[in-house]
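Notes for the structure review
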Amino acid sequence: MNREVTLPLIVDDRGTLQVAAADVSKLLRTLGGRWLRLVEAGAEGLDEDTVAALTIELAKLADRIDVACIAHSSGSLR
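Residues numbered from 1 in each chain as written. Predicted model: local features only at pLDDT ≥ 70, side-chain atom pairs only at ≥ 80, totals over all residues. Heavy atoms only, no water.

**Structural notes on the environment of V39**
Within the secondary structure, V39 is located in helix α1 (residues 21–40). Since its relative accessible area comes to 16%, V39 is described here as buried. Distance in space between the C-alpha atoms of V39 and A52 is 9.3 Å, their sequence separation being 13 residues. For V39, the contacting residues outside a window of four places in its chain are L46, E48 and V51. (Helix = DSSP H or I, 4+ residues; strand = E, 2+ residues; numbered from the N terminus. Buried < 20%, exposed > 50% of the residue type's maximum accessible area, 1.4 Å probe, protein only. Contact = heavy atoms within 4.5 Å.)

Okay, structure coming up:
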C-alpha cells in the first residue's frame, strides 16, 4: 500500500485543534489490535496477511496523526 493519505487538521480561528487526535490515533491502534486478536483466536473469514497489512497501515496512519499534531502544537504548521 503506497498511497498517501492527506490528514487535515481541524482547527478553529485561533489554531486550536478541534479533534482529540490522541483519541483518534488510539482508536486506530486499538482497531488493528482487535483484528489481530480475532485472527489469533481463529475467527473465520479473516485472512491473516490482510489483517496484518491493514493493522500496520492503521498504525502508520496513527503515527502520522500524532506527528502532525505535535508539529501543529509546536507551531511548525502555522
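Okay, back to it.
**Points about the nonpolar core**
A21, L28, L58, A62, I65 and C69 form the largest nonpolar core, which has 6 residues in total. Every element with two or more residues in this core is listed here: α1 and α2 (48–74). The element best represented in this core is α2, accounting for 4 residues. Leaving out residues up to four positions away in the same chain, A62 has contacts with S25, L28 and R29. (Core = buried A, V, L, I, M, F, W, Y, C linked by side-chain atoms within 4.5 Å.)

**A closer look at a negative patch on the surface**
A surface patch of negative charge is lined by E40, D47, E48 and D49. Position of E48 among the secondary structure elements: in helix α2. (Patch = residues over 30% accessible without salt bridge, like charges linked within 9 Å, V, L, I, M, F, W, Y side chains within 5 Å. Areas by Shrake-Rupley, 256 points an atom, 1.4 Å probe, with all protein chains shown as cover. Salt bridge = Lys/Arg side-chain N within 4 Å of Asp/Glu carboxyl O. Lys, Arg positive; Asp, Glu negative; His and termini not counted. Charge placed at Lys NZ, Arg CZ, Asp CG, Glu CD.)

**Things to note about α2**
Taking 1.5 Å of rise per residue, 27 residues should cover 39 Å, and α2 covers 39 Å from first to last C-alpha, within 8% of that figure. Where α2 is buried, its residues touch α1. Positive backbone phi, approximately 90°, marks G75, located one or two places after α2. (Expected span 1.5 Å × (residues − 1).)

**Some remarks on the side chain of S25**
Note that S25 resides in helix α1. A residue is classified by how much of its surface remains accessible, and S25, at 3% relative accessible area, is buried. Reaching out from S25, the side chain makes a polar contact with the backbone oxygen of A22 at a distance of 3.2 Å. When sequence neighbours within four positions are dropped, the list of residues in contact with S25 reads A62 and D66. (Polar contact = N/O pair within 3.5 Å; in protein donor to acceptor, adjacent residues only side chain to side chain.)

**Focus on the side chain of T55**
Here T55 is to be found in helix α2. Looking at T55, its side chain comes within polar contact range of the main-chain oxygen of G32, at 3.3 Å. Look past the residues within four positions of T55 in its chain and what remains in contact with it is G32, G33, W35 and L36.

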